[in-house]
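Structure at a glance
Single-letter residue listing:
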Amino acid sequence: MFRQVLANASRVSRFCCARVLSLPYCQNRAFSIEARRKRMDEVFDRVDVNKDGVISREEFLEVYGEPGTSSLVREIIDGSGWPTCQVETPASDILEAMSNSSVGWLVVTSSAKDFSDIQGIVTEKDIVMKALKSKMDMSSLEAKHLMTPRDKLITVSASDSVWDVTKIFIEKNIRAAPVMDDGKLIGFVSVRDAVAQLVEDHSTEMDSLSAYVNGSY
């Protein structure tokens, strides 16, 4: 879906556009199936500048990079909680925690009592790469040996615009970023949520303009 457009510069089909526009961010949830499909087609056709049936990253940026997209990260932040481990957590325990939580990453904190005190993030890929490159005994490795430290993480602020964060996703080729506030981790924002918000912002603007032109207000 649009995640692929932004992260991998691949192309997205009309079906994938429909998947994004079907997210719960759509303003009018009472749309009938027919009306929703018509709305999806209208938005898709507007973004499909080259009219070739697919949306490239360049076309997406051209349309949704326009001024007027004012939503902020705080409006789409996921602060519902995140899996953690501590800097001294052994690699074996990290893998077990990932398996139990069905996730591929953990936030590394300095204390089990403060989930917002982020010291880094460790991923399955970090562990695999360390195992392939290191001659150390994996059983002796801890999170601090494996994680991407805080000062090297790509982070964003709750006051950043959704569009600015989306550009970071594109430029850095990442799918999510920690959201920081006053030095503390307050949640995460994903490329999927950012793109969905951009679509909603522009759809709302188009609805308002149409209402004005047609004399609805």
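Description of the structure in this document. Keep in mind it's a predicted model, so treat the numbers as computed, not measured. (Residues numbered from 1 in each chain as written. Predicted model: local features only at pLDDT ≥ 70, side-chain atom pairs only at ≥ 80, totals over all residues. Heavy atoms only, no water.)

**Structural notes on the overall build of the chain**
Here is the rule we go by: Each helix is a run of DSSP H or I of at least 4 residues and each strand a run of E of at least 2, with the numbering of both proceeding from the N terminus. Burial here depends on accessible area, computed with a 1.4 Å probe over protein chains only, as a share of the maximum for the residue type. Under 20% is buried, over 50% is exposed, and the range in between is partly exposed. Here a residue-residue contact requires only that any non-hydrogen atoms of the pair lie within 4.5 Å. The Shrake-Rupley method, run with a 1.4 Å probe, gives the accessible areas here. Residue values count only the displayed protein chains as cover.
Of regular secondary structure, the chain possesses nine helices and nine strands. Classification of the 217 residues of the chain by burial places 38% in the buried group. If you take every contact in the chain between residues at least 6 apart in sequence, the share linking residues at least 24 apart comes to 60%. Carbon and sulfur atoms make up 50% of the accessible area of the chain, which amounts to about 12000 Å² in all.

**Observations regarding the side chain of Asp117**
Spelled out, the test is: Charged residues are defined narrowly, with Lys and Arg counted positive, Asp and Glu counted negative, and His plus the chain ends left uncounted. Basic side-chain nitrogens of Lys or Arg form a salt bridge, by our definition, when they fall within 4 Å of a carboxyl oxygen of Asp or Glu. The definition of a polar contact used here is a pair of N or O atoms within 3.5 Å, where within protein one atom must be able to donate a hydrogen and the other to accept one, and adjacent residues in sequence count solely through side-chain atom pairs.
Take Asp117: it is sitting in the loop between β4 (105-109) and β5 (118-123). Although buried, Asp117 forms no salt bridge, and the nearest oppositely charged side chain, Lys184, lies 4.3 Å from it. Looking at Asp117, its side chain comes within polar contact range of the side chain of Ser110, at 2.2 Å. Among the polar contacts made by the side chain of Asp117, one reaches the side chain of Gln119 at a distance of 3.1 Å. Excluding its chain neighbours within four sequence positions, the residues that come into contact with Asp117 are Val108, Thr109, Ser110, Arg150 and Lys184.

**Things to note about the side chain of Ser116**
One can find Ser116 in the loop between β4 and β5. Here the side chain of Ser116 touches Asp114 through a polar contact of 2.6 Å, side chain to side chain. The contacts of Ser116, once residues within four sequence positions are left out, are Lys184 and Leu185.

**Description of the sheet that holds strand β8 (residues 176-181)**
Spelled out, the test is: Two strands are counted as paired when DSSP detects at least two bridges linking them. Note on geometry: axes are lines fitted to C-alpha atoms, helical ones only across the stretch in contact, with angles between N-to-C directions running from 0 to 180 degrees.
In spatial order, the strands read β7-β8-β9; together these three strands make up an open sheet with mixed pairing. Single-partner strands in this sheet number two, and they are β7 (156-157) and β9 (184-190). Of the pairings in the sheet, the one linking β8 to β9 comprises six bridges and is antiparallel in character. What sits directly across from Met180, in β9, is Leu185. Most of the contacts of helix α8 (residues 162-172) go to β9, to which it runs at about 75°, and overall it touches β7, β8 and β9.

**Some thoughts on the packing of aromatic side chains**
Note the following rule: Under the pairing criterion, centres of Phe, Tyr and Trp rings, with the six-membered ring standing for Trp, must be within 6.5 Å; the plane angle then separates stacked pairs below 30 degrees from edge-to-face pairs above 60, leaving the rest tilted.
For the structure on display, the rule yields two aromatic pairs. Measuring from ring centre to ring centre gives 5.1 Å for Trp105 and Phe188, while their planes differ by 55°; the resulting arrangement is tilted. Of this pair, Trp105 sits in strand β4 while Phe188 sits in strand β9, and the two are 83 residues apart along the sequence. Among the aromatic residues, those joined into a cluster by ring pairs are Trp82, Trp105 and Phe188.

**Regarding α8**
The test is simple: When we speak of the arc, we mean the arc of directions from the helix axis to the C-beta atoms.
Among all positions in α8, only Val162, Trp163, Val165, Thr166, Phe169 and Ile170 are buried. Down the axis of α8, the smallest arc covering the buried residues is 160°, so these residues share one side. Exposed positions of α8 whose direction lies more than 90 degrees from the buried face are Glu171 and Lys172. Directly beyond the C-terminal end of α8, a positive phi value near 60° is found at Asn173.

**Let's talk about the sheet that holds β5**
Ordered by their spatial adjacency, four strands build an open sheet running β3-β4-β5-β6, and the pairing between neighbours is mixed. A strand with exactly one partner marks an edge of an open sheet, and here the two such strands are β3 (84-86) and β6 (148-149). As defined by bridge partners, β3 adjoins β4 across three bridges and the pair is classed as parallel. If you follow Cys85 over to β4, its bridge partner there is Val108. Helix α5 (residues 91-101) contacts β3, β4 and β5 of the sheet and is inclined by roughly 125° relative to β4. Docked against the sheet, helix α6 (residues 124-133) engages β5 and β6, running at close to 70° with respect to β5.

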